[in-house]
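# Summary of the model geometry
What follows is each chain in one-letter form.
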Amino acid sequence: MPKKYTVLLIALIFGMGVLFASCAGVQTKPTAANFKNPVITLDYIGPSYYEGFWYYGKAKVAKGKAPAGGGSSPVTLEFVFEIANPNSYPILLDSSQFFLYFDDYELRIVKDMNEMWIPAGKTNSKVLHVTLTPFSTYAKFLLAGKELAIKRGDKPWDKITQWWTGLPDMSFKIDVKEASFSFSANGVSTVVGINVTYP
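Below or above, wherever it landed, is the structure these notes cover.

Cut-offs used in this document
- Residues numbered from 1 in each chain as written.
- Predicted model: local features only at pLDDT ≥ 70, side-chain atom pairs only at ≥ 80, totals over all residues.
- Heavy atoms only, no water.
- Helix = DSSP H or I, 4+ residues; strand = E, 2+ residues; numbered from the N terminus.
- Buried < 20%, exposed > 50% of the residue type's maximum accessible area, 1.4 Å probe, protein only.
- Contact = heavy atoms within 4.5 Å.
- Areas by Shrake-Rupley, 256 points an atom, 1.4 Å probe, with all protein chains shown as cover.
- Axes fitted to C-alpha atoms, helices over the stretch in contact; angles between N-to-C directions.
- Parallel < 35°, antiparallel > 145°, perpendicular 65-115°, else oblique.
- Left-handed = near helix turned anticlockwise from the far one by under 90°.
- Nonpolar A, V, L, I, M, F, W, Y, C, P; charged D, E, K, R; others polar.
- Polar contact = N/O pair within 3.5 Å; in protein donor to acceptor, adjacent residues only side chain to side chain.
- Phe/Tyr/Trp six-rings, centres within 6.5 Å; stacked < 30°, edge-to-face > 60°.
- Lys NZ or Arg CZ within 6 Å of the ring centre and 35° of its normal.
- Arc of directions from axis to C-beta.

### Observations concerning the overall build of the chain
Scanning the chain from terminus to terminus reveals four helices and ten strands. Along the chain, helices and strands appear, N-terminal first, in the series α-β-β-β-β-β-β-β-β-α-α-α-β-β. Per-residue burial for the chain yields a buried fraction of 37% across its 199 residues. Expressed as a percentage of contacts within the chain between residues at least 6 apart in sequence, the contacts between residues at least 24 apart total 72%. Of the accessible surface of the chain, which amounts to about 11,900 Å², a share of 58% is contributed by carbon and sulfur atoms.

This is the structure we're talking about:
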């Protein structure tokens with residue numbers, strides 16, 4: 001092959017390589033038309049901090065000041081959500097929240113404002129935490145769950161005892177209701193909602 005043709009062939013191959021590399025580097029711009037909603041699943045709920053079940057009333061202490069109404073055993077639950085980004089560009093999780101229910105009793109609103117980028121075509125884990133105590137749960141039980149308790153014949157402390165002793169095995173129904181996850185990308189935004197019963 002003549003030398004000039006060899007040089008032309010090498011130049012052509014090099015030019016095509018540059019063209020393909022530049023095309024590969026062009027990222028799809030997010031628009032309302034091409035934005036696909038992320039897919040959210042609840043992967044796990046479990047205690048990340050647990051002291052068992054205990055409580056006490058007013059107490060005298062040698063040092064410091066005891067809580068006015070006594071104290072009770074805290075538990076911290078972690079909720080692990082898997083968030084899949086089906087888009088060809090990264091998206092930002094702006095915020096998330098949900099209502100927490102034990103056996104149909106509303107206990108807390110869980111909110112998280114920590115942002116997280118999810119790469120194109122990838123799945124990230126988002127972990128939310130909530131801390132509860134028997135005393136705070138008892139107060140919420142009386143406020144939000146009174147009618148349901150009367151209807152079912154449930155006694156607050158009996159239910160709380162059942163929940164706290166059953167937490168290590170997750171032996172009762174937990175609902176994540178009206179969960180909402182806010183996402184954005186280049187000015188395009190959306191909210192994805194889910195409702196999940198666990199386990």
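### Examining the packing of helix H2 (residues 134-144) against helix H4 (residues 156-166)
The N-to-C vectors of H2 and H4 enclose an angle of 135°; their axes lie 10 Å apart at closest approach. With respect to H4, the axis of H2 lies oblique. For the pair H2 and H4, the sense of crossing is right-handed. Residues Pro-134, Phe-135, Thr-137, Tyr-138, Phe-141 and Leu-142 of H2 touch H4, and the partners they reach there are Pro-156, Trp-157, Lys-159, Ile-160, Trp-163 and Trp-164. Looking at the contact of H2 with H4 residue by residue, the classes come out as ten nonpolar, one polar and one charged.

### Considering the environment of Ser-125
Looking at the element boundaries, Ser-125 is found in strand E8 (residues 123-132). According to the relative accessible area criterion, Ser-125 is partly exposed, its value standing at 42%. Residues Ser-125 and Asp-43, spaced 82 residues apart in sequence, show a C-alpha to C-alpha distance of 9.0 Å. The contacts of Ser-125, once residues within four sequence positions are left out, are Val-80, Phe-81, Glu-82 and Met-116. A distance of 2.7 Å separates the side chain of Ser-125 from the side chain of Glu-82, its partner in a polar contact.

### Brief notes about the packing of aromatic side chains
Within the structure shown, the criterion is met by 17 aromatic pairs. The interplanar angle of 5° and the centroid separation of 6.1 Å between the aromatic rings of Trp-54 and Tyr-56 together place this pair among those described as stacked. With relative accessibility at 33%, the residue Trp-54 sits in the partly exposed group. One aromatic cluster in this structure is built from Phe-53, Tyr-55, Phe-135, Tyr-138 and Trp-157. For the cation-ring pair, Lys-177 lies above Tyr-101, with the distance from its terminal atom to the ring centre recorded as 4.3 Å.

### Considering H4
Every buried residue belonging to H4 is among Pro-156, Lys-159, Ile-160, Trp-163, Trp-164 and Gly-166, and all of these are buried. Against the buried residues of H4 lie strand E1 (39-50), strand E4 (75-84), strand E5 (91-102), strand E6 (105-112), E8 and H2.

### Quick look at H2
Every α-helix carries 3.6 residues per turn, so stepping three or four residues along brings you back to the same face. All buried positions along H2 are accounted for by Pro-134, Thr-137 and Phe-141. Burial along H2 is one-sided: seen end-on, the buried residues are contained in an arc of 60°.

### Thoughts on the side chain of Lys-126
With respect to the element layout, Lys-126 can be found in strand E8. For Lys-126, a relative accessible area of 7% puts it in the buried group. Here the side chain of Lys-126 touches Asp-112 through a polar contact of 2.9 Å, side chain to side chain. The residues touching Lys-126, leaving out its near neighbours within four places in the chain, are Phe-79, Val-80, Phe-81, Ile-83, Leu-93, Ser-96, Asp-112, Asn-114 and Met-116.

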